[in-house]
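Next come the chains, spelled out residue by residue.
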Amino acid sequence: MELAIRRDSPLMRLILDPVNILLMILLGILFYLVLWPFLELVLHTITWGDSDRRLSRDAVPGEYTWFHWLEVTASPLSERMLYAPLVNTLITGVISTVIALVVGGGLAWCVIRSDMPGKGWLQPVLTLPYIVPSFAIALAWETVFRSPKVGGQPGLYETVLGIPPPEWVSYGTFPISITLAMHYFPFAYLLVAGALMTIDSQMEEGALLSGASRMMILRRITFPVVAPAFAAAFVLTFGKTIGQFALPFLLGAPTQFHTIATMVYANLALGLDSMAYVLAILLILMSLLAIWASNKFVGNNARRFETISGKGFRSRQVALGGWRWPIFWGVATFGFVVGVLPLILLGYQSLMLIDGFFNLSNLTMHFWTGQSDPEIAMGEPGVLHNANILGAAWNTIELAFFSAVIASLVGLIIAYIVVRKDSNPLARMLDQIAFIPFLFPSIAFGAMYLTMFAEARGPIPALYGTFTLLVLISVVNRLPYSVKTGVTAVTQIGRELEEAAEVAGASWGRRFRKIIVPLASSGVVTGMMVSFVGVMRELSLIILLITPSTRVLMTVGFNYAEEGLTQLSNALVLIVAMITIAGELILWWAGKSKLVRLREKNS
Amino acid sequence: MASIEIENLTKRYGAMTALDNVSLKIESGEFLVLLGPSGCGKTTLLRCLAGLETPDEGEIYMDGELVFSSKLKRIVPPGKRNLGMVFQSYALWPHMTVRDNVKFGLDVLNLSESESKDRLDQVLKDLGMSDLQNRYPSELSGGQQQRVALARLLATKPPVFLMDEPLSNLDARLRMDMRVELKKFQAFTGSTTVYVTHDQTEAMTMSTRVVVMRDGQIQQVSPPSQLYKRPENTFVADFIGMPRINLIQANQSDGKNHLYSNGDIDIDIGWDEAPSSIVVGARPEDLKISKKELKGSQTYEVSSVLPNGPETIIQLTKGGTILLARIGHEIDVHEGEKVTVQFDQKALNVYDAKSGALLGPPIDTDRTN
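In this report, the structure presented in the accompanying data block is examined. Per chain, residues are indexed from 1 in the order of the written sequence. Chains carry letters and ligands carry numbers; both start at the beginning, A for chains and 1 for ligands, and go up in the order they are written. It should be noted that, the model being predicted, local features are given only for residues of pLDDT at least 70 and side-chain atom pairs only at 80 or more, the latter also being counted only at that level, while totals for whole chains, interfaces and linings use all residues. To get the side-chain values, take all heavy atoms of the structure and skip hydrogens and water.

## Some points on the pattern of salt bridges
One side-chain nitrogen of Lys or Arg within 4 Å of one carboxyl oxygen of Asp or Glu is enough to make a salt bridge. Within this structure, the stated rule accounts for 23 salt bridges over all chains. Residue B:Arg47 pairs with A:Glu205 through a salt bridge whose shortest N-O separation is 2.6 Å. Here A:Glu205 lies in helix α10 (residues 201–209) and B:Arg47 lies in helix α1 (residues 42–50), a pairing that spans two chains. With respect to class, B:Arg47 is no different from A:Glu205; both count as buried. Ionic pairing is found between B:Arg326 and B:Glu311, a salt bridge with its closest N-O pair at 2.7 Å. With a gap of 15 residues between them, B:Arg326 in strand β19 (residues 321–327) and B:Glu311 in strand β18 (residues 311–318) connect regions that are remote in the sequence. Here B:Arg326 and B:Glu311 have matching classes, each one buried. Members of the salt-bridge network, linked through shared partners, are A:Glu205, B:Arg47 and B:Glu53. Here a helix means four or more residues in a row that DSSP labels H or I, a strand means two or more in a row labelled E, and each is numbered from the N terminus. Exposure classes here rest on a 1.4 Å probe applied to the protein chains alone. A residue is buried below 20% of its type maximum, exposed above 50%, and partly exposed in between.

Have a look at this one:
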């Protein structure tokens, strides 16, 4: 009578394999958390909502409509809502990316391929601007170039020179492009440096022996070989700049200068949700288009750019000769101006009783340690006494901790499945879905989760306003990175190590816990720290999902900045910056000691 | 074709001395191999010849012309030294086709269009790469990549070839084939070749002379056969030869000045002029094994037998002394068996116990001839 399916039949073994079960579960979860929200976002834009009644008499909630798309793309509003911000996004994105690449690429060459002195400590200084929250740089820019014509107190520039800076220096395309470039050049630097490190200098020496001049070698050998890395760095940096929200908002909104990202926020603030979502979708499409174009370029040429690896790799440094010290001083000064000076400015500004008066009698610790005083800053007490801020600090740490731990563990499991089941098409699919969040500009990703979790659906309650939702989006946002870290770690663990345990009779769970986790731990813990710091300074991703009870330091800082309480905002951003810098320092030291250990093992 | 002269070359990296006062004369048309363990300075020496490293002291002449002098501050740049180099990683340019890789050096020479094309086609044909000329390096096998590197070298017809472990990226079988090919290649072009390797078989089979280096110093410069027969110090004796040479530290036995002993075994070196404390070097094939008692022989126990095709290596034990011997098929021994051993006096080398320098063969074949 019974349908006799034996437990050890091939089919049942495939189904009962714990790794396959896990694979299916993870596919389901990721489908729900990555793809479904995107569909939800799209659906939202082509459906009449309740609030649309005040926009159009034709609105029938629940019916399909192109109204929102037409309003955004082809109506009297389009110019202000879409086209001007689109142009602004493209212009600031391209300018800042080009600057970031030129500066980052040049620095990468100096650090990796030349004998410039002081590399050891210049490298961490040069990555500072990327470590600190992006709008710290915007706040520092404001501190110097604020223009009272737009409102508020004069900045350092006007105080020192006596004349206000031109408005184009204070707000709009110029400062946004420059500050974006300042924030993202370390990102480009890291990408290009990675590529430069893989260049075998014997390729250049070969050309040198043929009698080629240095220019010819640079033009015909070095540059073509790093070109694909440059193209990829361009697209990745560009993709990041267009998703930036806080920085263009602070330096653009005062003069009605908008990018697509700030327009998403502005529309949501006005209750024009569907319009905001249309813009978010357009932002995602821009990002996809850029990635697609770069893949097409690199993909077509990928094979030829593969450098041949093998024994005898040699990376030799170019002697700068007489330029050694001038270049060092140039780079060190630059590092100070973009990495250290903004933080000093923020710190100084947070000590000023009345904003904009740069003399010593105006200095106070009030915004750090002062009690509530109705005369100052609307009665907000100093950041170290402020119950709101302490709550936000606790939230921040909790959020960063949980997100980092969960993202790393899930990332490791996904990585394990991807590496060990590489012939299974479902595993490859899992890999690809886990990468997709990388393509979503952060503010658009936030918008997706806003539509997805605003109300209860089936067994899933309305998560909007809960801490859980923040953890969820932070984890999913970190997944592309943590899977990558995990893949590197798991790949290094030979299959034999696990097979030895399997032969000894260990179950999969036991093998994963006793073999994979311990061996992958150093890489995964590093990844965890990176995620911790990354989540901590995140703003664009969660700004749309924050409610007063779930506020974190970055959003409180942003709100203070919006309200013009710059000292408090600066103090908060400075605190976050210090925590993230401390985190990076720990990572840097850990990395160093690990290198030492590896070296000892080799000898 | 060109000769190369290296005089008192020294190169330091911080506190480390990579080349320590090296002098060497390389004849025109020679195939000279620089051999030594890793870190001995052989690659540094090659790169100094190429001009890719700048030595701290010394002179280099190529074809009689001074290309480097620390005193005169003369440094001829690599591109002007008229040489070609094959790198360990081949250093093929990944973004250029095979043809463009080979053509690069010709472009620099500013040849006429037709001459450049003719030479290119000829070189590609010589190396059997004509069919593959439009491929990219990543689409080639290791052996083919190697050939592109050679084609690139050959195209500009340099009188000096420098090769930095060119075969180390190939698998064992291909390496064997490429050795033969490289040797032919060199004979065909007649170019002076300096070749770096840490593989002694490669050095012995290909070279006209071998330079053994250690810690930045030259240990010995000899034709390969001489290197094997008469290593000039215990380092070279120990470094050359597989299985390794038996080095026996021994003292003069009382009264008889050609009899030496290490406590376990006695050796008659048949030479009266050696000092009282020496090291005797005996290659495994210089031990005559017999199951019979021979005059002047001693009894050993066979502790291990390792057959290896045409030959068998056996390990012999007597007291605390372990020796290796190489035997053919004429004698059949088993583990645990007792055999007698006789040293071939003519093949022995005697070294000073302190300095490790060769004192002389007991019976100098060079002298008696």
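## Some points on unusual backbone geometry
Residue and element names in this part refer to chain B. Note the cis peptide between methionine 242 and proline 243, where omega equals -5°. Residue placement: proline 243 occurs in the loop between α8 (234–239) and β12 (246–252). One non-glycine residue with positive phi stands out, namely alanine 91, at about 55°. Note that alanine 91 resides in the loop between β7 (83–86) and α2 (98–109). Of note, aspartate 215 is a non-glycine position whose phi angle comes to about 45°, a positive value. Within the secondary structure layout, aspartate 215 lies in the loop between β10 (209–214) and β11 (217–222).

## Let's talk about the sheet that holds strand β22 (residues 358–360) of chain B
Residues and elements named next belong to chain B. The six strands are arranged β14-β13-β12-β15-β21-β22 in an open sheet whose pairing can be described as antiparallel. On the outer flanks of this sheet lie β14 (266–268) and β22, each paired with one strand and no other. Along the sheet, successive strands turn relative to each other by an average axial angle of 40°, direction set aside. Following DSSP output, two strands are said to pair if at least two bridges run between them. Two elements, strand β13 (residues 259–261) and β14, share three bridges in a ladder whose sense is antiparallel. Across the sheet, residue serine 261 finds its bridge partner in β14, namely aspartate 266. Note on geometry: axes are lines fitted to C-alpha atoms, helical ones only across the stretch in contact, with angles between N-to-C directions running from 0 to 180 degrees.

## Topic: the interface of chain B and chain A
Reports often express the size of an interface as the amount of accessible area lost when the parts come together. Throughout, a residue-residue contact means that at least one pair of heavy atoms, one from each residue, lies within 4.5 Å. The interface is formed by 29 residues belonging to chain B together with 27 residues belonging to chain A. The term buried area denotes the loss of accessible surface (1.4 Å probe radius) that occurs when two parts are joined, taken as the sum for both partners. Buried area between chain B and chain A, summed over both chains or domains, comes out near 2,700 Å², and the portion from carbon and sulfur atoms is 59%. Taken as a group, B:Pro94, B:His95 and B:Phe104 account for 22% of the area that chain B buries against chain A, more than any other trio of residues on that side. Here chain B and chain A share two salt bridges between them. Of the charged contacts in the structure, one is a salt bridge between B:Asp107 and A:Arg220, with a shortest N-O distance of 3.4 Å. Pairing of N or O atoms within 3.5 Å defines a polar contact, subject to two protein rules: one partner must be a possible hydrogen donor and the other a possible acceptor, and residues neighboring in sequence count only if both atoms are side-chain atoms. Applying the counting rule to chain B against chain A returns seven residue pairs in polar contact (both at pLDDT 80 or more). Listed by contribution, the elements that provide at least two residues to the side of chain B that touches chain A are α1, β7 and α2 of chain B.

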